[in-house]
Amino acid sequence: MSQPIVELYADSQFFSPYAMSAFVALTEKNIPFSVKPIDLAQAENQSAAYASLSLSRRVPTLVMGEFQLSESSAITEYLEDIHPAHAVYPRDVKQRAKAREIQAWLRSDLLAIRAERPTEAIFGGAKFPPLSAAAQEAARKLIAAAERLLSHGQDDLFREWCIADTDLALMLNRLVMHGDEVPERIRHYAQKQWQRPSVQAWLALPEKMRG
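Rules and cut-offs
Residues numbered from 1 in each chain as written. Predicted model: local features only at pLDDT ≥ 70, side-chain atom pairs only at ≥ 80, totals over all residues. Heavy atoms only, no water. Pairing = 2+ DSSP bridges. Helix = DSSP H or I, 4+ residues; strand = E, 2+ residues; numbered from the N terminus. Axes fitted to C-alpha atoms, helices over the stretch in contact; angles between N-to-C directions. Contact = heavy atoms within 4.5 Å. Domains from an automatic or database assignment. Buried area = accessible area lost by both parts, 1.4 Å probe. Salt bridge = Lys/Arg side-chain N within 4 Å of Asp/Glu carboxyl O. Polar contact = N/O pair within 3.5 Å; in protein donor to acceptor, adjacent residues only side chain to side chain. Nonpolar A, V, L, I, M, F, W, Y, C, P; charged D, E, K, R; others polar. Buried < 20%, exposed > 50% of the residue type's maximum accessible area, 1.4 Å probe, protein only. Arc of directions from axis to C-beta. UniProt positions renumbered as here; feature names shortened; annotations may be inferred. Expected span 1.5 Å × (residues − 1). Right-handed = clockwise from strand over helix to strand, strands pointing away.

> Is there a simple way to think about the sheet that holds strand S1 (residues 6–11) in this case?
Sheet strands pair via backbone hydrogen bonds, and the direction of the pair is either parallel or antiparallel. Read across the open sheet, the four strands follow the order S2-S1-S3-S4; overall the sheet is mixed. At either end of the open sheet lies a strand with only one pairing partner, and these are strand S2 (34–38) and strand S4 (67–70). When strand polarity is set aside, the average angle formed by the axes of neighbouring strands in this sheet is 20°. Bridging between strand S3 (residues 61–64) and S4 involves four bridges; their strand directions are antiparallel. Each bridged residue has a counterpart across the sheet, and for Leu-62 the counterpart in S4 is Leu-69. Most of the contacts of helix H1 (residues 17–28) go to S1, to which it runs at about 150°, and overall it touches S1, S2 and S3.

> How should I be thinking about the domain arrangement of the chain in this particular structure?
Put simply, an interface is often sized by how much accessible area is lost when its parts join up. Segmentation of the chain into domains returns domain 1 (6–86 + 199–204) and domain 2 (93–196). Here domain 1 and domain 2 have C-alpha centroids that lie 22 Å from each other. Residue-level contacts link 17 residues of domain 1 with 18 residues of domain 2. The junction of domain 1 with domain 2 conceals about 1,600 Å² of combined surface from both sides, 59% of it contributed by carbon and sulfur atoms. On the domain 1 side of the interface with domain 2, the three residues burying the most area are Phe-15, Tyr-18 and Val-199, jointly 33% of the side's total. If you look at where domain 1 meets domain 2, you find two salt bridges. Across the pair Arg-100 and Glu-77 runs a salt bridge whose closest N-O atoms are separated by 3.6 Å. Between domain 1 and domain 2 we count nine residue pairs in polar contact (both at pLDDT 80 or more) in total. Within the residue set of the side of domain 1 that touches domain 2, elements represented by two or more residues are H1, helix H3 (72–82) and helix H10 (197–203). Looking at the side of domain 1 that touches domain 2 element by element, the count peaks at seven residues for H1. For the side of domain 1 that touches domain 2, a count of residues per class yields ten nonpolar, five polar and two charged.

> Quick question: what am I supposed to make of helix H9 (residues 184–194) here?
Because each turn of an α-helix spans 3.6 residues, side chains separated by three or four positions end up pointing in the same direction. Turning to H9, its buried residues number three or more, namely Ile-186, Arg-187, Tyr-189, Ala-190, Gln-193 and Trp-194. One face of H9 carries all of its buried residues, which in axial projection span an arc of 160°. Where the residues of H9 are buried, they touch H1, helix H6 (120–123), helix H7 (133–149), helix H8 (163–176) and H10.

> What's the story with the UniProt feature "domain: GST N-terminal" (unreviewed entry) in the chain in this structure? I'm lost.
Feature annotation in UniProt places "domain: GST N-terminal" (unreviewed entry) on residues 6–87, given in this structure's numbering. In the segment residues 6–87, helix accounts for 33% and strand for 23%; the C-alpha atoms at its two ends are 18 Å apart.

> Looking at this structure, how should I read the pattern of salt bridges?
Oppositely charged side chains can pair when the atoms bearing their charge come close. Within the structure shown, the criterion is met by eleven salt bridges. Between Glu-28 and Arg-196 there is a salt bridge whose closest N-O contact spans 2.6 Å. Note that Glu-28 is positioned in helix H1 and Arg-196 in the loop between H9 and H10, a separation of 168 residues in sequence. With its nearest N and O atoms 2.7 Å apart, the salt bridge here joins Lys-29 to Glu-80. Residue Lys-29 is located in the loop between H1 and S2, and its partner Glu-80 is located in helix H3; the two are separated by 51 residues in the primary sequence.

> Whenever I open this one, the environment of Asn-30 confuses me. Can you help?
Tracing the chain through its elements places Asn-30 in the loop between H1 and S2. Expressed as a C-alpha distance, the spacing of Asn-30 and His-86, which sit 56 residues apart in the sequence, is 7.9 Å. In this structure the side chain of Asn-30 is engaged in a polar contact, spanning 3.5 Å, whose partner is the side chain of His-86.

> I would appreciate a short explanation of H8 in the present structure.
Between the first and last C-alpha of H8 there are 19 Å, a value that for 14 residues agrees with the 20 Å anticipated at 1.5 Å per step. Extensive coverage of H8 is indicated by the burial of 14 of its 14 residues.

> Help me understand the pairing of S1 in this model?
Each regular strand carries side chains that alternate between the two faces of the sheet. Burial of S1 is extensive: six of the six residues sit out of reach of the surface. Pairing geometry for S1 and S3, over four bridges, is antiparallel. Residue pairing in the sheet places Val-6 in a bridge with Met-64 of S3. Alignment of S1 against S2, held across five bridges, turns out to be parallel. Paired with Tyr-9 across the two strands is Lys-36, which belongs to S2. Taken together, S1, H1 and S2 constitute a β-α-β crossover, and its handedness is right-handed.

Here it is, written out as structure tokens:
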């Protein structure tokens, strides 16, 4: 039986942290797939064609044959269920729950950081004004959580890489890559996670899609 064609719909600028998370999971699992860019600036995500694929009309959207799924954490968890080899979540059930907790938190909190250090600071090298009081407080909360999670002194959250490492490193890199003050231990973690081949493959996408 032939395998279904796998497509990942992502923003055409490749600035979406959520599309990146899904891309990294697919890459880590060695699942052959193609990337389909969607121009959010031109509202292509609101088109009838895209609405037929994405319930939320957001990116990313995963298409596997006749099955479509949006929302990055739903995508990574689904991929883990159907392709358990090359795990992107911890095997231990409690650690897996903690990884999902981290993912859910990063997607629902720290709004001031996301507003004042958008991913243009990471992927486009853009510079923004100093952090507001609210963003400074969010940064302190983020850094305190990272220090607690990494208090074991290892380079991965659970002593072995998982998808939550990529998600946490991306949030931290909003500050690190912009030049905001971050403790050296946390800076090292974020920078090391950024060197993972699957992350580097995402960073290479704009040039690859152009050429």
